Amino acid sequence: MDFGLSEEQEILRKSTCNVMEKECPPAFVKETIKDEKGYSPELWRKMAELGWMGFIFPESYGGIDGSFLDFTILLEEMGRACLPSPFFSTVILGGLPILEGGNEEQKDELLPPMINGDLILTLAITEPPGKYTPDGIGSRATKSEKGYILDGTKLFVPNAHIADYIIVVARTKDGVDADGITLFLVDAKARGVTCTPLLTIAGDKQFEVALDKVEVTHERILGDIDKGWHIIEKIWPKVIVAACGEMVGGAQQTLKMTIDYAKEREQFGRPLGCLQAVQHFCADMVADVDGCRYITYQAAWMLSEGLSCVKEVAMAKAWCSDAFKRVTKQGQQVHGAIGFTEEHDLHLYYKSAKKWELLYGDSWFHREAVAEQMGL
Amino acid sequence: MDFGLSEEQEILRKSTCNVMEKECPPAFVKETIKDEKGYSPELWRKMAELGWMGFIFPESYGGIDGSFLDFTILLEEMGRACLPSPFFSTVILGGLPILEGGNEEQKDELLPPMINGDLILTLAITEPPGKYTPDGIGSRATKSEKGYILDGTKLFVPNAHIADYIIVVARTKDGVDADGITLFLVDAKARGVTCTPLLTIAGDKQFEVALDKVEVTHERILGDIDKGWHIIEKIWPKVIVAACGEMVGGAQQTLKMTIDYAKEREQFGRPLGCLQAVQHFCADMVADVDGCRYITYQAAWMLSEGLSCVKEVAMAKAWCSDAFKRVTKQGQQVHGAIGFTEEHDLHLYYKSAKKWELLYGDSWFHREAVAEQMGL
Amino acid sequence: MDFGFTKEQESFRQEVRDFLEKKIECGAFEIISNGWLENSSQEFSKEMSERGWIGMTWPKEYGGQERTYMDRAILMEEMLTCQAPIAYHFLADRQVGPAIIHFGNDDHKKEYLPKIINAEISMVLGLSEPNAGSDLVSVKTYAKEEGDFFILNGQKVWTTGAHRADYIWMIVRTDLDAPKHKGISEFILDLKTPGVTVRPIINIAGVHSFNEVFFEDVKVPKENLVGVKNRGFYQLMAQVDYERAGLERLMQNYPVFVNLVEYVKKEKRNGQPLSKDPMVRNTLAELEVEYQIGRLFCYQVAWTLTQGRIPNYEAALCKAYCTQYEQRLSDAATRILGLYGQLMPGSKWAPMNGEAADSYLWSVSYTLQGGSLEVLKNIVATRGLGLPVAKK
Amino acid sequence: MDFGFTKEQESFRQEVRDFLEKKIECGAFEIISNGWLENSSQEFSKEMSERGWIGMTWPKEYGGQERTYMDRAILMEEMLTCQAPIAYHFLADRQVGPAIIHFGNDDHKKEYLPKIINAEISMVLGLSEPNAGSDLVSVKTYAKEEGDFFILNGQKVWTTGAHRADYIWMIVRTDLDAPKHKGISEFILDLKTPGVTVRPIINIAGVHSFNEVFFEDVKVPKENLVGVKNRGFYQLMAQVDYERAGLERLMQNYPVFVNLVEYVKKEKRNGQPLSKDPMVRNTLAELEVEYQIGRLFCYQVAWTLTQGRIPNYEAALCKAYCTQYEQRLSDAATRILGLYGQLMPGSKWAPMNGEAADSYLWSVSYTLQGGSLEVLKNIVATRGLGLPVAKK
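This one's a predicted model, so the numbers in the text were calculated from it and none came from an experiment.

Draft legend 1. Focus on unusual backbone geometry. Phi is positive for Y360 of chain B, which is not a glycine, with a value near 60°. Topologically, Y360 of chain B is positioned in the loop between α10 (346-358) and α11 (363-373).

Draft legend 2. Geometry of the interface of chain B and chain D. Each partner contributes residues to the interface: chain B has 48 residues there, and chain D has 48 residues. Summed over both sides, the interface of chain B with chain D buries roughly 4,100 Å², with 62% coming from carbon and sulfur. Across the contact surface, chain B and chain D share 6 salt bridges. The tally of links from chain B across to chain D stands at 23 residue pairs in polar contact (both at pLDDT 80 or more). Among the elements that make up the side of chain B that touches chain D, the one with the highest residue count is α10 of chain B (7 residues).

Draft legend 3. Structural context of the pattern of salt bridges. Residue and element names in this part refer to chain C. The full count for this structure, using the stated rule, is 102 salt bridges over all chains. The salt bridge partner of K229 is E145, with a shortest N-O separation of 2.6 Å. Taken together, the positions of K229 in the loop between β8 (225-226) and α7 (232-245) and E145 in strand β2 (residues 142-146) put the pair 84 residues apart, joining distant regions of the chain. What makes K229 partly exposed here is its relative accessible area of 32%.

Draft legend 4. Structural context of the domain arrangement of chain A. All names here are of chain A. Examined at the domain level, chain A breaks down into domain 1 (7-115), domain 2 (121-228) and domain 3 (230-373). The distance between the C-alpha centroids of domain 2 and domain 3 comes to 30 Å. Across the domain 2/domain 3 interface, buried area totals approximately 1,100 Å², and carbon plus sulfur atoms make up 76% of it. Counting the surface domain 2 buries against domain 3, the share from its top three residues, Y132, I201 and K227, is 45%. Inspection of the domain 2/domain 3 interface yields 0 salt bridges. Where domain 2 packs against domain 3, one counts 5 residue pairs in polar contact (both at pLDDT 80 or more). A per-class count over the side of domain 2 that touches domain 3 returns 8 nonpolar, 3 polar and 2 charged.

Draft legend 5. View of the interface of chain A and chain C. At the junction of the two partners, chain A supplies 49 residues and chain C supplies 48 residues. Sorting the residues of chain A by area buried against chain C places F268, F340 and W364 of chain A first, and these three jointly supply 20% of that buried surface. At the boundary of chain A and chain C, one finds 6 salt bridges. Salt-bridge contacts for D362 of chain A lead to R335 of chain C; the nearest nitrogen and oxygen are separated by 3.2 Å. Counting across the chain A and chain C interface gives 23 residue pairs in polar contact (both at pLDDT 80 or more). By residue number, the principal contributor to the side of chain A that touches chain C is helix α10 (residues 346-358) of chain A, which donates 7 residues. Grouping the constituent residues of the side of chain A that touches chain C by class yields 18 nonpolar, 15 polar and 16 charged.

Draft legend 6. View of the domain arrangement of chain C. Residues and elements named next belong to chain C. Under the domain assignment used here, chain C contains domain 1 (7-121), domain 2 (125-230) and domain 3 (240-384). In this structure, domain 2 and domain 3 have C-alpha centres spaced 31 Å apart. Counting residues at the interface gives 6 residues for domain 2 and 6 residues for domain 3. When the buried surface of domain 2 facing domain 3 is broken down by residue, S134, I204 and A205 rank first, second and third, together holding 67% of it. In this structure, the connection of domain 2 to domain 3 is made through 0 salt bridges. Counting the contacts that link domain 2 with domain 3 gives 0 residue pairs in polar contact (both at pLDDT 80 or more). Partitioning the side of domain 2 that touches domain 3 into residue classes produces 3 nonpolar, 3 polar and no charged.

Draft legend 7. Molecular detail of the packing of aromatic side chains. Enumeration according to the criterion identifies 66 aromatic pairs over all chains in this entry. With a centroid separation of 5.5 Å and an interplanar angle of 35°, the aromatic rings of Y132 of chain A and Y360 of chain A are classed as tilted. Here the residue Y132 of chain A occupies a position in the loop between β1 (121-124) and β2 (140-143), and Y360 of chain A occupies one in the loop between α10 and α11 (363-373), the gap between them amounting to 228 residues. You'll find Y132 of chain A and Y360 of chain A in the same group, each marked buried. Measuring from centroid to centroid gives 6.1 Å for F12 of chain C and W53 of chain C, while their planes differ by 80°, and the two rings are edge-to-face. Taken together, the residues span a long stretch of sequence, with F12 of chain C in helix α1 (residues 7-25) and W53 of chain C in the loop between α3 (42-50) and α4 (69-81) at a distance of 41 residues. Judged by relative accessible area, W53 of chain C falls into the buried class, the value being 1%. In textbook terms, an aromatic cluster arises when at least three aromatic residues are bridged by ring pairs, as seen for F3, Y294, W301 and W319 of chain A together with F3, F297, W303 and Y321 of chain D. It is K355 of chain A that lies over the ring of W356 of chain A; its NZ or CZ is 4.3 Å from the centre.

Draft legend 8. Seen up close, helix α3 (residues 41-49) of chain B. Residue and element names in this part refer to chain B. The set of residues buried in α3 consists of L43, W44, M47 and A48. For α3, the arc enclosing every buried residue in end-on projection is 145°, short of the 170-degree limit, so these residues lie on one face. In this structure, α3 carries E42 and E49 as exposed residues pointing more than 90 degrees from its buried face. Following α3 by one or two positions, G51 has its phi on the positive side, about 85°.

Draft legend 9. Structural context of the nonpolar core. Counting 538 residues, the largest nonpolar core has F87 and Y360 of chain A, F87 and Y360 of chain B, M79 of chain C together with M79 of chain D as the members making the most contacts within it. Apart from residues lying up to four places away in sequence, Y360 of chain B is in contact with F88, L93, Y132, W236, V239, I240, A243, K317 and H366 of chain B.

Draft legend 10. Geometry of the pairing of strand β2 (residues 140-143) of chain B. Residue and element names in this part refer to chain B. Here β2 pairs with strand β3 (residues 147-158) via 4 bridges, running antiparallel. Each residue of the ladder has a partner; that of T142, found in β3, is I149. The turn joining β2 and β3, which pair antiparallel and follow one another in sequence, is formed by 3 residues.

About the cut-offs
Residues numbered from 1 in each chain as written. Chains lettered and ligands numbered in written order. Predicted model: local features only at pLDDT ≥ 70, side-chain atom pairs only at ≥ 80, totals over all residues. Heavy atoms only, no water. Helix = DSSP H or I, 4+ residues; strand = E, 2+ residues; numbered from the N terminus. Contact = heavy atoms within 4.5 Å. Buried area = accessible area lost by both parts, 1.4 Å probe. Salt bridge = Lys/Arg side-chain N within 4 Å of Asp/Glu carboxyl O. Polar contact = N/O pair within 3.5 Å; in protein donor to acceptor, adjacent residues only side chain to side chain. Buried < 20%, exposed > 50% of the residue type's maximum accessible area, 1.4 Å probe, protein only. Domains from an automatic or database assignment. Nonpolar A, V, L, I, M, F, W, Y, C, P; charged D, E, K, R; others polar. Phe/Tyr/Trp six-rings, centres within 6.5 Å; stacked < 30°, edge-to-face > 60°. Lys NZ or Arg CZ within 6 Å of the ring centre and 35° of its normal. Arc of directions from axis to C-beta. Core = buried A, V, L, I, M, F, W, Y, C linked by side-chain atoms within 4.5 Å. Pairing = 2+ DSSP bridges.

Right under this line is the structure:
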């Protein structure tokens, strides 16, 4: 066991942190969230140049073949900065399914531009039932001459408005099972695709994507017909742990801001941090934050090592969901009224914690998965 | 609305409290718990003389026809003292079903001696499934020449070892429904009745009562054949609120001991109660205790007024179960190691809180009842 | 003990309900969380005034109805249930009026009380300052005596509603040399007085509710001082128990609960209503129990006031408890809604019009406003339980 | 970063497991909560000693194995999993030995270390006194210098295991005039010395684990002072991070969890296993997640020590977190067992032999022993996060 970062990892962390501090300060975050696009193409380009989009992709596509563990460090720093960008949707939700399920032509076509920062991707999985399970998929893909016709309503699709391709999860066979689900690479500008923005608590860009007789050719099927859910299952642990990675960073930053504030702010003639109530809040926050870190990196390490880790992944999200939220709540309480203002930065994390809690299953959902793994 | 005690209620509270303080100090409680009998016949007699056993029974049987609301005050004081006695089992679990379901002969025969302190009663309802619902009743009552033959195993029967009669809940019809359940007044010394003590966390006397071909005559049937569950349903809200009444007293006393200790005990050169952590513990405890009091008395008042209060009763037990336990846990934490010794009195309440939490349904159970009442 | 309402109380409640139902029917306002505090309508307040529902507990000599605090609690419970727009008169009715009755002179009473009762003026509270939040004795805004005036300089912050109010009721320092808590006085000030600047603060729900209020050489007539000079802090402490007592601390986001219960009954998951999910049932039942406990706490305080007694620790305890409940409610609501719990008011697909997410944002302020949770617990422990005050 | 164990570590774990399995098979001990602390067996400790499992992290020159703290954590995890009876050597191995290595002179090392490693003596800690619990600097037991001796008078309390141990490692006052924390020294004392009286304290689980230890004119040879006179408090502070670090703070009632999971799988309610109850599933999964977090905290501390670094706040945090987990576990276990959760060890019908109820009683002590939860949180906040220490 080794709880420390290696020298290379420390360099990676530090350099990522430097980039974020310089390019993505809180003022930038707030401005970008309010912007309709929701990201900065300039920063996006820089991230591509730094190799971030290709971090976990093979060198053959222009990637740098980094480990998922190291990648988590990158995500942690993005979470620390509350970076608004289509990174998660492009690389994790878009790139990984292509890498996992795409044929050589698709990979050659799509991965290099994605890695170069020229392609924005996203995944349309959830529908009105609001689930991440096969029985939540009802969108229909009907066979046509050239391929398939897609119909249905997708919800909570991140960055659909700026995506080049939306990977759509649809049914090629009726039913509620995993079998019969197929993935399609849909051109976001295709006829019949309508994206309507949803207003979210964290100000991130999520969309309703309505599919009305959208034509998709055979070449745009990702993986085998009816077997698309296998691809989702393969990448899903990484989706969850990547989310946890961002949460670790967010929680850490909230703690830091709170400690700093408790040291500086005077009340009753002495620093706020003298109060035992504040001290105990902070101590509880440390347990939450350290817990997030270890349980997340444990899962990331297991993914990197190719070990089976269904339970560890579920544990990570179960813990991070509650802990990050608790940390932001306590942070707000320590900050007092100043933290309730839009001007202050703390709310970015408070909102982000709620977002990440609800995305990809909250602690109830993941504890159920843990229970399953315990043989209950 | 009136949250205060009337003058009469205040006198009742005070006089009960005085009796308890004099006759039932902690040393007495500890000694009595260790005693095999588990109660003091002398004190029992005094309680009868004070009219406590007949408090909520009609004057025609020698009772004083007091209100259930006032009765709750009595119970609160018993709870405050952690009184070890067969009061609850005799009066609530035994007396009420007789009053509710008995015929005139049975009432004339049993209630006056019970009220005089000459009769100890109990109720045998729970069986190995550990439930308070009809589907938990499997003991069989088979018709015989003289009446019925009882077979089965009853668990968690309080004071069975000193009871004169055990009211046994048994099936006269197969099934899992309420219909088909009958109550029997079983002589505790009858052939085939075997009482085996269970060791409980609070040291109260609960028993396994094994029934092996126990003969019961027709005269000993309480209420109508097959309709016994109606009697249980009728008295059950009072059983629950009576339990809550004891919990209010226990919680109140725990709070008092803790505040006193926080004022007296010096640590780090000043009273423990100066520490903000201790202050906040105590403030939380007050909310718990006041909550116990109001929610319990609200239910007791509604019972007294004959108002429908299924939800209020469930709310009372749901809240008291968690709150009393929390209070004792926090009380222990404030007391530190001294509270972990048998010599100290605090553990009586810590144990009592766990007992009362588990008896008659914990907060999960009663919240489910609340949900039902909310139309969920 | 008695946990019922009298016939008169029941019929009064019905009267209020009937009034509100009519107003809702004709679209006078929407039932929306925090509406009671954010929606200010002089017209609505005037209608309440006509019914005697402003200053209803005040003595008749000042235009009040001398009704009990229980009646006021009933009125408030109904108003809050549908989040009626009572912000115009709320603070003056709850707090400023009673303070004037207690500490004001005849001129103050003649000047302000009728206007409050008739909903002719709106008032806000100016307590917090940048370095005096929970620690109010540290206020620095200074009123210097000069002839018939005080010259006021300084700044207030977190002044809810100052942008739409006529007057500010404030504490300011009037003696720089005295011990902190012995150099504070209470003033009432017209917000249109030259030298007063109100600047908006946008909160994390994106709403302009708070303000900064700046005072630059503001000439305040001496008669605007209320009560005894330099005794303002003690006067204030006597007032805050009213502030802390109310159902408005329990029901700020009440519509969230009502709507949530309805939502889970209708919404299907896996072919059956979401309300059949055991975790959802347990969570909602827990909230219901907690709500009912909080309601009893609030009524207990109202009852105490009705008895003519000042609540000891109960008001602080009540607010501490109730605002935590409101936070748990908003958190639970977003969770139960799942992915939909993210959606803000006005969003397509937002259930309950986004009130869950919105209330999760507002809820941050619930345990801070009018005395932070920690300060309230300190009060319960020291004033209520007699635990020793730590030396500072 | 690496969350795996090396092959050597895995095979060491297997070695320990094999040893324990054999002992359990031949009935050497029962798997029972708190067994690691309550069950003292010199025989068992000697067997561990033979395998090099006592003093395993100590330098070879003192008879140690110079193995890593990770290895020791693995050993402890296995021992605690089956609650092996390690009380005889536990405190000496964990704490007293390392203290002697750090602060003792050559005579101390020669005298005690081999005996500890060979399981020839058993030691306990004498820290708390009636008026010095969390506040250890207030110890009053006084050692007065007289010629070649100290004359000891006073009293220790909450001395776990003093009734079965040979030596007590204690802090006592050696300077009455110096500031409190600068007048304390560390001593090692034979409990058979005349003037020492051990009196039992029965805990709320009905068990004799604690003791009071009285000292009446006890003649303590000067060589029993360890380290620098009047520096004892500082020495002690350096030692407690070892005390706080271990898996023994997470796993004191570990069998409760194991047995509970098995129980709910087998026990039927309403015709299906209790494990299918959603509240039970959620509760147990939550405990599992919390347990695994605690385990990572413990290993993080072991890893830090293995790196040759002293944990900063991590040991205090670890103990604070883990002992709270143990409390939640025992509470949840009694609840899940329902009415059966009341039943104590030895009772007819008691599931899990009454361990749930018993552990609910013991759990009171978990957040008090070796530094109360509150003190530990203070340490995390001040030492770990650099928050200012409040003036007293």
